[in-house]
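Structural features, examined
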Amino acid sequence: MASFLKHSFSISNLREQKMLAFKPHFSPLPLNFALEKSTRCNFLSRKPLSISSQGSLGRFDDSEDSRPRLIKCDAYEAHHSQPMKINIDIDEQTKQTAAQKLKIGVYFATWWSLNVIFNIYNKKVLNAFPFPWLTSTLSLAAGSLIMLLSWASRIAEAPKTDMDFWKALFPVALAHTIGHVAATVSMSKVAVSFTHIIKSSEPAFSVLVSAFLLGESFPMPVYLSLLPIIGGCALAAVTELNFNIVGFMGAMISNLAFVFRNIFSKRGMSKGKSVGGMNYYACLSIMSLLILTPFAIAVEGPQVWAVGWKNAVAQIGPHFVWWVVAQSVFYHLYNQVSYMSLNEISPLTFSVGNTMKRVSVIVSSIIIFHTKVQPINAVGAAIAILGTFLYSQSQAKM
């Protein structure tokens with residue numbers, strides 16, 4: 001019996017020694033522990049403890065290879081805590097997508113803002129100086145001068161063109177000139193909002209010209225989207241308080257001219273050297289200026305301009321000169337940004353942006369010029385703009 005108890009006591013001691021030997025080791029807590037009798041170990045700290053880091057977990061054995069891989073914990077009091085470092089890795093594609101969305105947003109905001117500013121100053125100039133041919137010429141001249149100076153100072157790289165490029169550009173510039181002058185004539189006769197409501201019917205002209213003159217066919221949703229465009233424009237025209245036939249026809253001719261401009265531009269893209277974005281519009285402005293100048297002189301003439309300019313300065317004051325400069329410069333800038341955005345976004349996105357641009361111009365012009373709008377007229381404008389949006393969506397599904 002004594003031998004059995006002695007043997008059991010030996011086994012118990014051996015197990016206890018092994019348990020002590022294999023006991024995991026932790027890094028000391030940042031508390032002052034003393035084993036003397038005068039100092040007691042107080043585990044009930046008044047301040048909470050937080051684990052700041054944890055090492056890798058190893059096996060609790062007596063092998064030398066596993067000893068360095070024991071659990072390591074560091075603790076600190078709450079008021080000494082530091083913020084955890086969190087590393088969030090974002091892949092390159094996500095960064096590029098976010099940057100592209102931001103770039104498109106900047107393009108749209110700049111495009112709409114410049115267009116609104118141009119329309120405001122353009123209408124102010126035409127109210128005091130009702131000579132749309134000269135006003136149109138000054139707009140093209142300002143843009144041409146800006147780009148020529150940019151090329152000469154190497155701020156922008158000059159395009160490399162050939163004779164085939166200029167030959168292909170001529171019909172585009174001719175249609176652009178007609179559309180620009182017709183829109184300016186319309187703005188001189190009617191409210192800015194009414195001109196842009198009628199100009200929102202441009203998709204209807206595009207489909208009709210493509211179908212009857214070019215023999216293209218479109219799916220049924222495209223044709224159905226034309227109904228609210230035509231109906232809304234007709235309702236807005238009938239209920240317009242200050243309706244003017246010259247202003248109405250000017251907006252309609254502008255729509256037709258810009259449709260042909262787009263058609264000629266697509267056909268001429270494969271001819272001559274490729275020039276895109278900002279430089280393409282610069283070349284377009286220069287050629288349009290050369291086309292428009294002799295016609296502006298023939299239709300209105302320097303003598304009429306001199307008398308009208310004198311009366312405008314006497315009526316408005318020196319601010320009139322600033323209005324002319326502003327409308328000319330902002331016309332070029334908003335068109336330049338729109339052509340630059342074409343290289344960055346899809347045609348559908350551009351079409352939707354163009355629709356929203358008209359909304360911003362219509363609303364801002366009504367507010368600034370205190371244009372009287374009947375409720376039925378506003379309904380017609382909303383229907384026409386909705387139809388334009390539906391048209392762009394139908395074109396995307398093609």
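All of these numbers come straight from a predicted model, not from anything done at the bench.

1. Looking at the overall build of the protein chain
When helices and strands are counted, the protein chain shows 13 helices and two strands. Burial status across the protein chain gives 40% buried among its 398 residues. Long-range pairs, those at least 24 residues apart, make up 86% of the contacts in the protein chain with a sequence separation of at least 6. Counting only carbon and sulfur atoms, one obtains 65% of the accessible surface of the protein chain, whose full area is about 24100 Å².

2. Notes on empty space enclosed by the protein
Tallied over the entire structure, the rule returns one cavity of 30 Å³ or more. Reported here for the largest cavity is a volume of approximately 50 Å³. What lines the largest cavity is Ser193, Thr239, Glu240, Leu241, Thr371, Lys372, Val373, Gln374 and Asn377. Residue composition of the lining of the largest cavity, grouped by class: two nonpolar, five polar and two charged.

3. Details of the packing of helix α7 (residues 220–238) against helix α13 (residues 375–397)
Where α7 meets α13, the closest approach of the two axes is 7 Å, and the angle between their N-to-C directions is 160 degrees. Compared by their axis directions, α7 and α13 come out roughly antiparallel. Of the two elements, α7 crosses α13, and the hand of that crossing is left-handed. Looking at side-chain class alone, the contact of α7 with α13 contains 15 nonpolar, eight polar and no charged residues.

4. A few points about the pattern of salt bridges
Between side chains of opposite charge, pairing is possible as soon as their charged atoms come close. In total, this model carries one salt bridge according to the counting rule given. Where Glu202 meets Arg358, a salt bridge forms, and the shortest distance between an N and an O atom there is 4.0 Å. Here Arg358 lies in helix α12 (residues 347–369) and Glu202 lies in helix α6 (residues 202–212), a separation of 156 residues in the sequence. Taking relative accessible area as the criterion, Glu202 reaches 14% and is therefore assigned buried. Classification of Arg358 as buried rests on a relative accessible area of 7%.

5. Structural notes on the packing of helix α2 (residues 92–128) against helix α11 (residues 319–342)
The interhelical angle for the contact between α2 and α11, taken along N-to-C directions, is 150 degrees, at an axis separation of 8 Å. Considering the angle they form, α2 stands roughly antiparallel to α11. The element α2 and its partner α11 pack so that their crossing is left-handed.

6. Notes on the packing of aromatic side chains
This model, assessed by the stated rule, comprises 16 aromatic pairs. Ring plane angle 50 degrees and centroid distance 5.2 Å describe the contact between Phe118 and Tyr331, whose orientation is recorded as tilted. Of this pair, Phe118 sits in helix α2 while Tyr331 is found in helix α11, placing the two residues 213 residues apart along the sequence. Taking the relative accessible area as the measure of exposure, Tyr331 reaches 4% and is therefore buried. An angle of 35 degrees between the planes, with centres 6.0 Å apart, marks the rings of Phe260 and Phe264 as tilted. You can see Phe260 and its partner Phe264 sitting in helix α8 (residues 245–268), four residues apart, about one turn around the helix.

7. Focus on the UniProt feature "transmembrane region" (unreviewed entry) in the protein chain
Here the UniProt-annotated "transmembrane region" (unreviewed entry) positions come out as residues 104–121, 133–153, 245–264, 276–296 and 316–334. Along residues 245–264, the helical share is 100% and the strand share 0%, with 28 Å between the first and last C-alpha atoms. For residues 316–334, helix accounts for 89% and strand for 0%, while the C-alpha atoms at its two ends are 26 Å apart.

8. What about the side chain of Lys357?
Mapped onto the fold, Lys357 is located in helix α12. We note that Lys357 is buried and unpaired, the nearest opposite charge coming from Glu202 at a distance of 7.6 Å. Every residue in contact with Lys357, bar those within four places of it in the chain, is listed here: Trp111, Trp112 and Asn115.

9. Considering the environment of Ala173
Residue placement: Ala173 occurs in helix α4 (residues 163–189). The exposure class assigned to Ala173 is buried, which follows from its relative accessible area of 0%. Ala173 sits 116 residues away from Leu289 along the chain, and the two C-alpha atoms are 8.9 Å apart. Contacts of Ala173, omitting those with residues within four sequence positions, involve Leu284, Met287, Ser288 and Ile291.

10. Digging into helix α3 (residues 132–152)
The end-to-end C-alpha separation of α3 is 30 Å, in line with the 30 Å expected for 21 residues at 1.5 Å each. Just downstream of α3 lies Arg154, where phi reads positive at about 65 degrees.

11. As for the layout of surface pockets
Unfilled space is identified by rolling a water-sized probe across the atoms. The volume enclosed by the second largest pocket comes to roughly 220 Å³. In terms of lining, the second largest pocket is formed by 14 residues, of which the most central are Trp133, Thr177, Ile178, Val181 and Ala182. Of the residues forming the lining of the second largest pocket, the biggest block, six residues, is contributed by α4.

Thresholds applied
- Residues numbered from 1 in each chain as written.
- Predicted model: local features only at pLDDT ≥ 70, side-chain atom pairs only at ≥ 80, totals over all residues.
- Heavy atoms only, no water.
- Helix = DSSP H or I, 4+ residues; strand = E, 2+ residues; numbered from the N terminus.
- Buried < 20%, exposed > 50% of the residue type's maximum accessible area, 1.4 Å probe, protein only.
- Contact = heavy atoms within 4.5 Å.
- Areas by Shrake-Rupley, 256 points an atom, 1.4 Å probe, with all protein chains shown as cover.
- 1 Å grid on protein atoms, 1.4 Å probe; cavity = no way out; pocket = protein on both sides within 12 Å on 5 of 7 lines; lining within 4 Å.
- Points joined across faces, edges and corners; volume = space filled by probe spheres on them.
- Nonpolar A, V, L, I, M, F, W, Y, C, P; charged D, E, K, R; others polar.
- Axes fitted to C-alpha atoms, helices over the stretch in contact; angles between N-to-C directions.
- Parallel < 35°, antiparallel > 145°, perpendicular 65-115°, else oblique.
- Left-handed = near helix turned anticlockwise from the far one by under 90°.
- Salt bridge = Lys/Arg side-chain N within 4 Å of Asp/Glu carboxyl O.
- Phe/Tyr/Trp six-rings, centres within 6.5 Å; stacked < 30°, edge-to-face > 60°.
- UniProt positions renumbered as here; feature names shortened; annotations may be inferred.
- Lys, Arg positive; Asp, Glu negative; His and termini not counted.
- Expected span 1.5 Å × (residues − 1).

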